[in-house]
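Spelled out, the chains give:
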Amino acid sequence: MNQLGEPKVPGEVVVAVINKANKANYAKSRQSFLCLLIWLVFSLSLQAAVLEEDRADVLYHSYDGGGMKIDGPAILLRKKASESVALSAYYYVDTISSASVDVLSTASAYSEERQEGQLGIEYLHDKTTMALSIRQSDEDDYLANSVNFNVSHDTFGDLTNLSLGLAFSDNEIRRNGDDLFEEQSQQYRIRAGISQILTKNLSIALNIESVADEGYLNNPYRTVRYIDSSVPAGVGYQSEVYPNTRNSFSTKLSASYYLPYRAALFLHYRHFSDSWKIDANDIELSYRHPFGKTVELELKVRYYQQTQASFYSDLFSHQNAQNFLARDKELSDFDDLTLGLGVTYLIPKQFSISDWRSEVSLQWDYITFNYNNFRDPTAEGALGEEPLYGFSAHVIRAFFSVYF
Amino acid sequence: MLTNYFTRALFIAFSTSLLALTGCAQPIEPWVKPYERQNLADPIMRTNRHPIANMHIAHVYEARESARGAEGTGGGGCGCN
């Protein structure tokens, strides 16, 4: 014991203790520094708004079901011009060959091509992002030009994101084989959204959107059928007549949840109603699960249900039975169920181009449609008593994404 | 007796309202700190992880169903016959 009553220790032990204490302090300060660094990284990545990374996607898509086969390529390119400006371009092609039930009952199968192009610019200022895009969709008998503007802002310690959007579309409708036919329609969209981080594993979002259409909203080829006792078949056909306006309102609630074993769960619910008296609901649950560092699996189930438009009928009682007439199965009472499976393979760096991160994905959706008031006129049965129509579709997306 | 109960209920309601109002007067602080958001920042949590695929499926649904809007992607176009 020394004078202070502390135990005496040899010099080497003192040095060793001091060294040990220094090492402990060093470890502690290194730990503090690492904590500070991690905090800074997350602060920077989550507090300061940043534009999304540069990427290019090349996709092949295919839809096959109900007598329709639609496929084609699509390309999406996104590149930052500076820290605050990003440019994007999108090109999409649909090659359509259709022999769907309503085409077969009154016309013959057809094929056509639709091309779509989009150009966009995004500007980031502090925590506000503004995005402007123009779009054109062109096919033989339909030309749509639209402009879209969105603004979003991070607030409340970046726990909340608020967004507002506007869109306008001008459409020109023609009818193949009839050079004199030319109609117009316009569409206006206004949307708002709020997304909110609720806990460290849960975030939710609420989006609303109102859409107003005016002009020629019919399909120029489609007809309705009515009972006509003056002809041997007992059935007559006349063109559909739709109202010249349609207003709709949608509300979507979404939740994203991080599961403790590193997997993600997503839930979406949307309610829709419009001035044609259609009410619709859809709910979707999806699950994303990584396997190791290279594979991600996605599973999805979605259910959709809608009521019919007030002027829809599968079989009208006589010609010109009412002011507005529709027999479009998309306006009937029906539901559909989607089961989806997706796999993404994150390509290891040694196989990537210029060390760019890249991945390849394959997604497959199987959709079954069940119509509750649309009968199959090509099937056997007395007029108005044919079996209800239903079909299933396979939807495939195969794509390659590279981040540079 | 009834008046007493009424007065007591009124007092409790008043006190609760006062407490609630006082509570509301305090500014609400962001309760999930930036360093607690690493799970939400994980790439697997991104709803728009595959934007080109999301645009395609939104187009498929819009062509086959009457509902539209609030999807989070720009809709429109046709291929609807």
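Being a predicted model, the structure only gives us computed values, none of them experimental. (Residues numbered from 1 in each chain as written. Chains lettered and ligands numbered in written order. Predicted model: local features only at pLDDT ≥ 70, side-chain atom pairs only at ≥ 80, totals over all residues.)

Points about the confidence of the model for chain A
Segments scoring low in pLDDT should not have their predicted coordinates read at a detailed level.
All names here are of chain A.
At step 1: This prediction gives chain A a mean pLDDT of 89; 88% of its residues lie at or above 70.
At step 2: Contacts for the low-pLDDT stretch residues 1–24, under 50 throughout, to residues beyond four places or in other chains number 5 contacts.
At step 3: This model gives residues 35–47 a pLDDT under 50, and the stretch forms 16 contacts once residues within four places in sequence are excluded. (pLDDT = per-residue confidence, 0-100. Contact = placed C-beta atoms within 7 Å.)

Section: the interface of chain A and chain B
At step 1: Chain A puts 71 residues into the contact, and the matching count from chain B is 35 residues.
At step 2: For the side of chain A that touches chain B, the class distribution of residues is 31 nonpolar, 22 polar and 18 charged. (Nonpolar A, V, L, I, M, F, W, Y, C, P; charged D, E, K, R; others polar.)

Some words on the nonpolar core
All names here are of chain A.
At step 1: Ile278, Ala280, Ala309, Phe311, Tyr312, Ala326 and Leu331 are the most contacted members of the largest nonpolar core, which totals 14 residues.
At step 2: Beyond its immediate sequence surroundings of up to four residues, alanine 326 is in contact with Val224, Glu240, Tyr242, Ala309, Phe311, Tyr312 and Leu331.
At step 3: In this structure, Ile70, Phe334, Ile367 and Tyr389 belong to the second largest nonpolar core, which totals 12 residues. (Core = buried A, V, L, I, M, F, W, Y, C linked by C-beta atoms within 7 Å. Buried ≥ 20, exposed ≤ 12 C-beta atoms within 10 Å, placed from the backbone.)

Some points on the pairing of strand β15 (residues 295–306) of chain A
All names here are of chain A.
At step 1: One ladder, built from 12 bridges, connects strand β14 (residues 279–291) with β15; its direction is antiparallel. Paired with asparagine 281 across the strands is glutamine 305, a residue of β15.
At step 2: Counted between consecutive antiparallel strands, the loop separating β14 from β15 contains 3 residues, among which glycine 292 sits at a positive phi close to 65°.
At step 3: Where β15 lies against strand β16 (residues 334–347), 12 bridges are found, and the strand directions are antiparallel. The residue bridging glutamate 296 from the neighbouring strand is threonine 344, located in β16. (Pairing = 2+ DSSP bridges. Helix = DSSP H or I, 4+ residues; strand = E, 2+ residues; numbered from the N terminus.)

Observations concerning unusual backbone geometry
All names here are of chain A.
At step 1: A positive phi angle, close to 65°, is found at aspartate 158, a residue other than glycine.
At step 2: Following the sequence through the fold, aspartate 158 ends up in the loop between β6 (142–155) and β7 (160–175).
At step 3: Assessed through the 18 C-beta atoms surrounding it within 10 Å, aspartate 158 is described here as partly exposed.
At step 4: Of note, asparagine 320 is a non-glycine position whose phi angle comes to about 50°, a positive value.
At step 5: Here asparagine 320 is to be found in the loop between β15 and β16.
At step 6: Its 10 C-beta neighbours within 10 Å are what place asparagine 320 among the exposed residues.

Structural notes on helix α2 (residues 51–64) of chain B
At step 1: In this model α2(B) runs 20 Å from its N-terminal to its C-terminal C-alpha over 14 residues, within 8% of the 20 Å that 1.5 Å per residue would give.
At step 2: Regarding α2(B), the residues found buried are Ile52(B), Ala53(B), Met55(B), His56(B), Ile57(B), His59(B), Tyr61(B), Glu62(B) and Arg64(B).
At step 3: If you follow the buried residues of α2(B), they end up packed against β1 (55–65), β2 (68–80), β17 (357–375) and β18 (388–403) of chain A. (Expected span 1.5 Å × (residues − 1).)

Focus: the environment of Ala264(A)
At step 1: As for its placement among the helices and strands, Ala264(A) is situated in strand β13 (residues 263–274).
At step 2: Spatially, the C-alpha atom of Ala264(A) lies 26 Å from that of Arg78(A), the residues being 186 residues apart in sequence.
At step 3: Every residue in contact with Ala264(A), bar those within four places of it in the chain, is listed here: Ser256(A), Tyr258(A), Leu259(A), Arg288(A), Ile44(B) and Met45(B).

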